[in-house]
Amino acid sequence: MSQDKSREFLHSGNAKDKFKFFFKATLLQQVNDLLQNIYEHLKSANALVHELEESIKPMQKELDELQGKIKNMEHVEEISQKVQQLKKQLAWSWVYDVDKQLAEQSAKIGILKDRIPACQAKIDLQLNVVEELRERISKKKAQIASMMEKTSEVRRMKDELQQTLSLATKEKLELEEEFGRKTNHVQKMLKHVRFLEQQVQDIHEQNVKNTQAEESEIEEKLKELQYEFDAANLTFTRLKEEESALLESMNKGSSEIACIGNEIEELERKHREIGYSIRELHQHQTNKVTAFGGDRVINLLRAIERHQQRFKKPPVGPIGAHLTLVNGDTWARAVEHAIGRLLNAFIVTNHKDALLLRGCAREANYSHLQIVIYDFSRPRLNIPPHMLPQTSHPTTLSVLHTENHIVFNVLVDMGDAERQVLVRDYDMGKAVAFGQRILNLKEVYTSDGYKMFSRGSVQTTLPPNKKQRSGRLCSSFDDQIKDLQRDESNLREEAQQCRRRKRDAEESLQDLQETLRSIKKRRLDAERDLMSKKLALRDVKNSYAAETSSSPASNADELHQEISNAHEEIQEREILLEKLRARMNGAEAKANELKVSFENLCESAKGEIDAFDKSENELIKLEQALLDEESKKSHYEGIMNNKVLSLIKEAEAHYRELENNRLESCRKSSIICPESEIEALGGCDGSTPEQLSAQLTRLNQRLQHESRRYSESIDDLRMLCEKKERKVLRKQQTYKGYQEKLNACEKALNLRWSKFQRNATLLKRQLTWQFNGHLRKKGISGQIKVSYEEKTLSVEVKMPQDASSSTVRDTRGLSGGERSFSTLCFALALHEMTEAPFRAMDEFDVFMDAVSRKISLDTLVDFALAQGSQWIFITPHDIGMVKQGERLKKQQMAAPRS
């Protein structure tokens, strides 16, 4: 990956060429070619197996024909015997069929005769009910006629009284409305009189004031009011500034309280996590099995026990429950990192048991259970010394002990535990993993959780998992619980300190709020005082101006005259109101009297009207019931005449006809065979004569056809059939074995293809994230869009100075410095996705300004130090800004001769 290649990649405008460059650089092209090649080989192998399977189809067809011939020849004799039996059964089936019809007809006649008394009883019952209803209806009609004469007169009186009451009520409402209007008019006139009297008084006071006030006093008052206004304005401004300062302090205090609250929440979250870990360790102390799956594994073991009879061999697991550490808990954490993924797994002997175990896991609500399929019949593996790592350090297998040989074999075959070396610290691990060439060494684990391994020339070191405190194979969890309890106590103390700080901050904020309320109250008082003084000053100025320019007040005599006229009109209207009130009281008394009379009449007539309505409703119900009962009586009479008596006559005639037919059929059947022979054969099996006749016809035709069809001996056909069966079965088993192997290969290929597609998707996302992350160091944003379906790759870069927020989709539209920096970011993104012991970049800062060069150089140095591989940077520019260190060497060449 050189800088020239990267620049050529970005300068190219063809998206497909960019995709080919990326696809090959990330080694996806090589993996894709390998998978495609395997797919072609599998396709050709499947075609070959299919051809072989097709080649045995003619033999299978011949075999099927032979078997058909043999079966047909065996059935010829059976068919002949069955024909004779069917002839006898057919003869007597006619007799039995007539017997069956006679029994059915006799039962039918009995049922019809039983219906006669029931129908007659229902008809008589309906006649009695109809007569009773007719008598009740006649009595109810006479009662209603007498009640109708009484209620008609009452209804007429009620209607007349109700009409008179409505007229009186209407007259009363009209008088009340008129009285209200006149009363409102009198009130308005009184208000007008008071207004005129107030106006006369104001004119008198103004005249007195004008005669006594002096101009010099008014000017002095104006100066005093102006001075008070200025002082009030100054106080108001000062209080407003103090209020703004307090608000700013309160905002800072609120932000501080929010930060402390977030810190408390984080501490409480860590406290809850440690509490959960402590409870989990206590549970592991009670039952060691729960360390390898929690409560779910207990439920799973119970489900396995319930379905134990269905397993070919009982599953073994979890694996961690069958393991113990040999030399104490020294290597507990290292072993956890080495084979921790296998400790929760269960072992079964075949695929069928694996499916059954998966069903038990679903029943126990244990999702994502790891299942290992291993042959239980294999003996305990014996590993020769030359196949173990040649080192004095222990291996994972050597520090573990198990009595179960199946668990031991799985750790070797599935976990490579014999090739994992355990060391004390990081430095010793580097020396063993990278400094020595130890045969049969796969990985090195340190006691504090570091993992080191080499793959070819690439050396990899993975840090320990911070969340994982210790291994689950520890013999005692007391030390872990004590450490966690100590951490829990420290977190609790920190949380208490944060709460005290929060309380102090809240008290300070509360004091500020009290001070703010006091300042705000004083500011509002000052504002009201300022407004009152401002209004007083304006009123004095306006009154002074009005005094100097206005003429004397209007004539008071005219106002007195108008007041007297208004008083006279008010007296006249009050007399009219008294008369109207008297009329209104009379109308109200009359309406009340009529209302009382109407209520008395309604009360007296209510009982008679209700009784009349009730009688009418009862009459309607009785008439409807009479109609229903008459229709029922007619219905039962029709059933008696049309369905019962006529059907009985027809059934008796048919019964006599069947008896004659039965005598004739029995005479004919006795000629063919006696009835005792048919009974010995089991009768006619419930078949009808038509069915037996059709069956006999088919068997006769088949017997004739089969007798003329085959001329070979049945023994010769059987020997030939057995010979062909052995030959076809041998080939089928061979081809089936081929097909199973091809299916396994195809399944593995599909799995690898899905993993390849997932890795390709992740690489696409990783390239965009890393490219955008490097661009962000200069304030630039961008992304890389890769389409594996269309085989295209496009680069998008957006500059911070672009105010239109549009994206530069072609890197050729950037300046030289921007293009060089974008090229550098893309190269770093690809470098981070590939593994190489040596990397070099030449003239990476060409066409960059000083700021971009400084950012690019820092980015490259930090990236190289973080990656750990060896880098060589060549640049014609000054690198004095780069500090030389233990892992950083600078070499500056002399200037070339002119």
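Everything discussed here concerns the structure shown above.
Heads up: these notes are all about the structure in this document. (Residues numbered from 1 in each chain as written. Predicted model: local features only at pLDDT ≥ 70, side-chain atom pairs only at ≥ 80, totals over all residues. Heavy atoms only, no water.)

1. Side note on the side chain of Thr349
Thought 1: Residue position: Thr349 is located in the loop between β2 (346–348) and α8 (351–363).
Thought 2: The exposure class assigned to Thr349 is buried, which follows from its relative accessible area of 15%.
Thought 3: With near-sequence residues (within four places) excluded, Thr349 lies in contact with Lys312, Lys313, Ile373, Tyr374, Asp375 and Phe376. (Helix = DSSP H or I, 4+ residues; strand = E, 2+ residues; numbered from the N terminus. Buried < 20%, exposed > 50% of the residue type's maximum accessible area, 1.4 Å probe, protein only. Contact = heavy atoms within 4.5 Å.)

2. So, the environment of Ser665
Thought 1: Along the chain, Ser665 turns up in helix α12 (residues 556–672).
Thought 2: With 573 residues separating them along the chain, Ser665 and Trp92 place their C-alpha atoms 7.9 Å apart.
Thought 3: When residues no more than four places from it in sequence are discounted, the contact partners of Ser665 are Trp94 and Val95.

3. Some words on the pairing of strand β10 (residues 792–798)
Thought 1: β10 sits mainly inside the fold: five of its seven residues count as buried.
Thought 2: Relative to β10, strand β9 (residues 781–787) runs antiparallel, the two sharing seven bridges. Looking at the pairing, Gln783 lines up with Glu796 of β10.
Thought 3: Taking the residues that link successive antiparallel strands as the turn, the β9-β10 hairpin has four residues, and the phi of Lys791 there is positive, at about 55°. (Pairing = 2+ DSSP bridges.)

4. Section: the packing of helix α2 (residues 15–25) against helix α3 (residues 28–55)
Thought 1: Relative orientation of the contacting elements α2 and α3 amounts to 80°, with a least axis distance of 5 Å. Regarding the angle of α2 to α3, the classification is roughly perpendicular. For the pair α2 and α3, contact is made by Phe22, Phe23 and Lys24 and by Leu28, Gln29 and Asn32, respectively.
Thought 2: Considering only residue class, the contact of α2 with α3 consists of three nonpolar, two polar and one charged. (Axes fitted to C-alpha atoms, helices over the stretch in contact; angles between N-to-C directions. Parallel < 35°, antiparallel > 145°, perpendicular 65-115°, else oblique. Nonpolar A, V, L, I, M, F, W, Y, C, P; charged D, E, K, R; others polar.)

5. Here's the deal with the packing of aromatic side chains
Thought 1: Tallied over the full model, the rule gives eight aromatic pairs.
Thought 2: With a centroid separation of 5.1 Å and 20° between ring planes, the pair formed by Phe19 and Phe23 is classed as stacked. Of this pair, Phe19 and Phe23 both sit in helix α2, separated by four residues, roughly a single helical turn. For the pair formed by Phe19 and Phe23, the shared burial category is buried.
Thought 3: Their ring planes at 65° and their centres at 5.1 Å tell us that Tyr426 and Tyr450 sit as a pair that is edge-to-face. Linking Tyr426 in helix α10 (residues 426–435) with Tyr450 in the loop between β6 (443–446) and β7 (451–455), this pair joins segments that are 24 residues apart in sequence.
Thought 4: Residue class for Tyr450 comes out partly exposed when judged on its relative accessible area of 26%.
Thought 5: Three or more aromatic residues joined by ring pairs form one cluster here, namely Phe19, Phe23 and Tyr788. (Phe/Tyr/Trp six-rings, centres within 6.5 Å; stacked < 30°, edge-to-face > 60°.)

6. Notes on the sheet that holds strand β5 (residues 420–423)
Thought 1: The mixed open sheet is built from four strands, whose spatial order is β5-β6-β7-β8. Bordering the open sheet on either side are β5 and β8 (458–462), each of which pairs with just one other strand. When the angles between neighbouring strand axes are averaged without regard to direction, this sheet yields 20°.
Thought 2: Across four bridges, the pairing between β5 and β6 is parallel. Opposite Gln420, over in β6, you have Glu443 as the bridge partner.
Thought 3: Docked against the sheet, α10 engages β5, β6, β7 and β8, running at close to 20° with respect to β7.

7. Here we look at the nonpolar core
Thought 1: Within the largest apolar cluster, 43 residues are counted, with the highest numbers of intra-cluster contacts made by Phe22, Leu28, Leu767, Phe771, Ile784 and Tyr788.
Thought 2: Leu342, Phe376, Leu397 and Leu400 belong to the second largest nonpolar core, which has 32 residues in total. (Core = buried A, V, L, I, M, F, W, Y, C linked by side-chain atoms within 4.5 Å.)

8. Structural notes on the packing of helix α6 (residues 295–306) against α8
Thought 1: At a closest axis distance of 9 Å, the pairing of α6 and α8 adopts a crossing angle of 130°. Judged by the inter-axis angle, α6 sits oblique to α8. As for how α6 packs across α8, the hand of that crossing is right-handed. Contacts from Leu300, Ala303, Ile304 and Arg306 of α6 reach α8 at Leu357, Cys360, Ala361 and Glu363.
Thought 2: Of the residues contributing to the contact of α6 with α8, the split by class is six nonpolar, no polar and two charged. (Left-handed = near helix turned anticlockwise from the far one by under 90°.)

9. Focus on the pairing of β8
Thought 1: Bridge count for β7 against β8 is five bridges, and the pairing is antiparallel. Within β8, the position partnered with Ser454 by the bridge is Gln459.

10. Details of the side chain of Thr396
Thought 1: Along the chain, the position of Thr396 falls in the loop between β3 (371–373) and β4 (400–401).
Thought 2: Excluding residues that lie within four positions of it along the chain, Thr396 makes contacts with Val335, Ala338, Ile339, Ala417, Gln420 and Leu422.

11. Some points on the environment of Ile780
Thought 1: When you line up the elements, Ile780 lands in the loop between α15 (714–775) and β9.
Thought 2: Since its relative accessible area comes to 3%, Ile780 is described here as buried.
Thought 3: Taking C-alpha positions, Ile780 is 7.3 Å from Val797, a pair spaced 17 residues apart along the chain.
Thought 4: In this structure Ile780 touches Asn772, Leu775, Val797, Lys798, Met799, Pro800 and Phe821, once residues within four positions along its chain are discounted.

12. As for a positive patch on the surface
Thought 1: Taken together, the side chains of Lys723, Arg726, Lys727 and Arg730 present a region of like positive charge at the surface.
Thought 2: Counting through the fold element by element, Arg726 comes out in helix α15. (Patch = residues over 30% accessible without salt bridge, like charges linked within 9 Å, V, L, I, M, F, W, Y side chains within 5 Å. Areas by Shrake-Rupley, 256 points an atom, 1.4 Å probe, with all protein chains shown as cover. Salt bridge = Lys/Arg side-chain N within 4 Å of Asp/Glu carboxyl O. Lys, Arg positive; Asp, Glu negative; His and termini not counted. Charge placed at Lys NZ, Arg CZ, Asp CG, Glu CD.)

13. Some details on the environment of Thr688
Thought 1: Locating Thr688 in the fold gives a position in the loop between α13 (675–680) and α14 (689–709).
Thought 2: Sequence separation of Thr688 and Trp94 is 594 residues, and the distance between their C-alpha atoms is 8.0 Å.

14. Structural notes on unusual backbone geometry
Thought 1: In this chain, Gly317 is followed by Pro318 through a cis amide linkage whose omega measures -10°.
Thought 2: Phi is positive for His368, close to 60°, though the residue is something other than glycine.
Thought 3: By the element assignment, His368 lies in the loop between α8 and β3.

15. So, the pattern of salt bridges
Thought 1: All chains considered together, the criterion is met by 16 salt bridges.
Thought 2: Its salt-bridge partner being Glu54, residue Lys57 comes within 2.9 Å of it at the nearest N-O pair.
Thought 3: Residue Lys57 is classed as partly exposed on the basis of its relative accessible area of 42%.
Thought 4: On the accessibility criterion, Glu54 (32% relative accessible area) is partly exposed.
Thought 5: Put simply, Arg378 and Asp413 hold a salt bridge, and the shortest N to O gap is 3.6 Å. Taken as a pair, Arg378 in the loop between β3 and β4 and Asp413 in helix α9 (residues 405–413) lie far apart in primary sequence, 35 residues in all.
Thought 6: By relative accessible area, Arg378 is classed as partly exposed at 36%.
Thought 7: On the basis of relative accessible area, Asp413 is assigned to the partly exposed category, the value being 34%.
Thought 8: Residues joined by salt bridges that share partners form a network here, namely Glu443, Lys451 and Arg455.

16. Here we look at helix α17 (residues 850–867)
Thought 1: For α17, built from 18 residues, the straight-helix expectation of 26 Å at 1.5 Å per residue is met to within 8% by its first-to-last C-alpha distance of 26 Å.
Thought 2: The set of residues buried in α17 consists of Ser852, Arg853, Ser856, Leu857, Thr859, Leu860, Val861, Phe863 and Ala864.
Thought 3: A positive backbone phi angle near 95° is found at Gly868, which sits one or two residues after α17. (Expected span 1.5 Å × (residues − 1).)

17. Quick notes on α3
Thought 1: For α3, which comprises 28 residues, the first-to-last C-alpha distance of 41 Å matches the rise-based estimate of 40 Å (1.5 Å per residue) to within 8%.
Thought 2: Every buried residue belonging to α3 is among Leu28, Asn32, Leu35, Leu42 and Val49, and all of these are buried.

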